[in-house]
Every structure is written in C-alpha cells, then in structure tokens.
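# Structural description and commentary
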Amino acid sequence: MIIEAFKSFLAYYGLKIQSDIQKTMAAEEMIDITLKHILPPYSDDRQKKVNVSELYGIDKMFIPHEDQAKLFLQFFSKAVLDRNLQDVVSKSYTEDLQGIARIFEYGNMSGQMKVDDSNSAAYGLLAMVVGLSFFRVANITPLNNEDNRYICEDYVRRLVKG
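Residues numbered from 1 in each chain as written. Predicted model: local features only at pLDDT ≥ 70, side-chain atom pairs only at ≥ 80, totals over all residues. Heavy atoms only, no water.

## Some thoughts on the packing of helix H2 (residues 27-38) against helix H4 (residues 83-109)
Helix-helix packing is described using two parameters, namely the angle between the two axes and the distance between the axes. Running from N to C, H2 and H4 point in directions that differ by 160°, and their axes come no closer than 9 Å. By the angle between their directions, the pair H2 and H4 is classed as roughly antiparallel. When you trace H2 past H4, the crossing you get is left-handed. Across from Ala-27, Met-30, Ile-31 and Thr-34 in H2, the residues of H4 making contact are Ile-100, Ile-103, Phe-104, Tyr-106 and Gly-107. Along the lines of polarity and charge, the residues of the contact of H2 with H4 split into seven nonpolar, two polar and no charged. (Axes fitted to C-alpha atoms, helices over the stretch in contact; angles between N-to-C directions. Helix = DSSP H or I, 4+ residues; strand = E, 2+ residues; numbered from the N terminus. Parallel < 35°, antiparallel > 145°, perpendicular 65-115°, else oblique. Left-handed = near helix turned anticlockwise from the far one by under 90°. Contact = heavy atoms within 4.5 Å. Nonpolar A, V, L, I, M, F, W, Y, C, P; charged D, E, K, R; others polar.)

Below you can see the structure in the form of structure tokens.
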C-alpha cells in the first residue's frame, strides 16, 4: 500500500505538469511550469484542502505545499531503507530527467536556449530541486532570506539565449 501511495504521490506532479504544458510554449515557459509544480513558490496555502482525485479535472487537484513537503520527506526517508521504494523513486526520477532533458533539447533546437548537454542540465536542475526541497523542510533559508526557488530560476536563466 505504501508503494502505491508513493507512486500516486510522484505521479501527481507529472499529471499537473503535463496538463499545463502546451506544445506551442517556449522552452523557458515549459521549464517554469515544471518548476512551479516540483518546487512551487513559497506560499501559505494551508487553508486549502487536499484533493488528489482526477474526477473533477486535473486543474482541481491540489496538495498544500507544506503537506507536499512533509509527504516528500516521509516517503523519501522510507525509501532509504526499502529497495522497492528506491525502485519507485529511480523510475520516477528517470522519467522526470528524460522529460526535462527533452525540454532543454527543444530549447536548443528552437534556438531559445544554449545547453551543451541536455541530460546533464536536466540532472543538475532536478538535483537542485530535490536538495532545495529538503532545505525547505528543514527550514534552511538562503542567507538573503528569499524563497530558495530563485536558485533554480537563476540556473535556467543562464541557459536561455539572449
């Protein structure tokens, strides 16, 4: 049951991202949407209710950010000790890396981005997101007290041409 709950938790992000990305968007917009879902801007949304059902549409699905962080930490701490959960994480992150790399490749092909190695750029971005997520849960803020999301945004901005 824990494995299926973990799979559903990770799939939530993919559903939200895929429903927001349009093929006509610029690569930077696609990455912005991806970041919005996997490392959302900090907000106090505790008053909103959890809804993980697709029954009324993906746009109505919601997990408050603080709850996302707690679930993230609980699942990943269990995955450290459980090989089956590690496999779930590995499969999910491999798919995430491929999707992010495709966006970077699209940015390169369309002349919107300058990325030497799309796979490495995707790996770097996802590693930042995972690390920054843990920092958020542990209340480790950047020295300037900003939302730590700006670190990923700066990384992407360096890859955008112009």
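We are not done yet, so read on.
## Topic: the packing of aromatic side chains
Applying the stated criterion across every chain, the model contains four aromatic pairs. Plain terms: the ring middles of Phe-6 and Phe-76 are 5.5 Å apart, the flat faces sit at 85° to each other, and that makes the pair edge-to-face. Within this pair, whereas Phe-6 is found in helix H1 (residues 2-20), its partner Phe-76 is found in helix H3 (residues 65-79), the two being separated by 70 residues in sequence. According to the relative accessible area criterion, Phe-76 is buried, its value standing at 10%. Ring centres of Tyr-12 and Tyr-13 lie 5.3 Å apart, and the angle between their planes is 85°; this geometry places the pair in the edge-to-face category. Judged by its relative accessible area of 12%, Tyr-13 falls in the buried class. An aromatic cluster of at least three residues, connected via ring pairs, comprises Phe-6, Phe-75, Phe-76 and Tyr-93. (Phe/Tyr/Trp six-rings, centres within 6.5 Å; stacked < 30°, edge-to-face > 60°. Buried < 20%, exposed > 50% of the residue type's maximum accessible area, 1.4 Å probe, protein only.)

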